[in-house]
Amino acid sequence: MNIITVNWTYEFNNNDFYVIKVEIVKKLTSSDLLDRLKSKGIKPVEYTTKIIRDKLNETDCEIATDTLQVNLACPLSRTRMTIPCRASTCTHLQCFDAITYLQMNEKKQTWVCPVCNQSCQYGSLFIDGYFLQVLESYKDGSEIILTKDGSWTGYVPPKDEHKGSKSANAAAADVADLSIVCLDDDDPVPSTAAATTKTASVIKNGAEVKTSGISIPIPPAAAGPPPPPPGIEEIFLG
């Protein structure tokens, strides 16, 4: 049994009144708060649909837009939302996951909206039925596009038109570095691809340059020399 004792001294010529209040409180977990949030009900789809129409049909806005892109991932956990919620005091449409938000505030109470950084108290939270319906029907995508009539479509990111150009350039560079090695018929062909030291004549840009001590890997079972393409160096072993 708990006993509270209060002592005070009466003061003459003092008309002030004092009140003492005693409350018994119980600490609630994030699961308890989530159950209470669910028991409040879900905002109907029409509620958010009207907000979308009003936002995208504003005439006073300096920058007019016909669509609005919304992410289905929670800004806190960066994963797909399960129970989308937001505060009635917020003006944005982007939701966050109710479970993640309540768990984070259970550890450290801040009650700040992760989207606009404004006060987002528990009493102002509600589950958004519009985005709950989107999450249930749109399983593959992570973003949607909201339109002026209040409807939505899945967002498909544009394809990279330059994809594969790097590999094509790399292949062209490999061809540019290609050299043709021509062997005389009298030169023996090693059975393995070993390096052979020869004195060579290099013809480059129409001029013959004598070199020696060049190690050239010779592939096994080499066939006769193919005709060199134009613009590619020729090396003749002597």
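Let me sum up the structure you'll find in this document. Since the model is a prediction, treat every value here as computed from it, not as a measurement.

On to unusual backbone geometry. Only a minority of non-glycine residues have a phi that is not negative, and only a minority of peptide bonds are not trans. Look at R78: it is not a glycine, yet its phi comes out positive at around 60 degrees. Of note, R78 is situated in the loop between β2 (67-71) and β3 (84-87).

So, on to the sheet that holds β2. The antiparallel open sheet is built from three strands, whose spatial order is β2-β6-β7. Two strands bound the open sheet, and with one partner strand each, they are β2 and β7 (152-154). Neighbour-to-neighbour, the strand axes of this sheet turn through a mean angle of 30 degrees, independent of strand direction. Where β2 and strand β6 (residues 143-147) come together, five bridges link them in antiparallel fashion. What sits directly across from N71, in β6, is E143. Those strands touched by helix α4 (residues 129-137) are β2, β6 and β7, and its axis lies near 130 degrees from that of β6.

Evaluation of the coordinates by the stated rule reveals six aromatic pairs. Between the aromatic rings of F96 and Y101, the centroid separation amounts to 4.8 Å while the plane-to-plane angle is 45 degrees, which identifies the pairing as tilted. The residues F96 and Y101 share a single accessibility class, namely buried. With a centroid separation of 5.6 Å and 55 degrees between ring planes, the pair formed by Y138 and W152 is classed as tilted. Remark: W152 occurs in strand β7 and Y138 occurs in the loop between α4 and β6; sequence separation between them is 14 residues. Given a relative accessible area of 16%, Y138 falls into the buried group. Among the residues examined, W152 registers a relative accessible area of 25% and is labelled partly exposed. Between K43 and the ring centre of Y47, over which it is positioned, the NZ or CZ distance is 4.5 Å. Over the ring of F126 we find K43; its NZ or CZ atom is 5.5 Å from the centre of that ring.

Below, the discussion takes up the pairing of strand β5 (residues 125-128). Direction of pairing for strand β1 (residues 42-43) relative to β5: parallel, over a ladder of two bridges. Residue pairing in the sheet places K43 in a bridge with D128 of β5. Relative to β5, β3 runs antiparallel, the two being bridged by three bridges. When the sheet's bridge partners are listed, R86 is paired in β5 with F126.

So, about the sheet that holds β5. Strand order across the open sheet formed by four strands is β1-β5-β3-β4, with mixed pairing between neighbours. Looking at which strands have only one partner, the edges of the open sheet turn out to be β1 and β4 (96-97). Relative to β4, β3 runs antiparallel, the two sharing two bridges. Looking across to β4, one finds that C85 is bridged to F96. Each of β1, β3 and β5 touches α4; the most contacted strand, β5, lies at about 40 degrees to it.

About the criteria used
Residues numbered from 1 in each chain as written. Predicted model: local features only at pLDDT ≥ 70, side-chain atom pairs only at ≥ 80, totals over all residues. Heavy atoms only, no water. Helix = DSSP H or I, 4+ residues; strand = E, 2+ residues; numbered from the N terminus. Pairing = 2+ DSSP bridges. Axes fitted to C-alpha atoms, helices over the stretch in contact; angles between N-to-C directions. Contact = heavy atoms within 4.5 Å. Phe/Tyr/Trp six-rings, centres within 6.5 Å; stacked < 30°, edge-to-face > 60°. Buried < 20%, exposed > 50% of the residue type's maximum accessible area, 1.4 Å probe, protein only. Lys NZ or Arg CZ within 6 Å of the ring centre and 35° of its normal.

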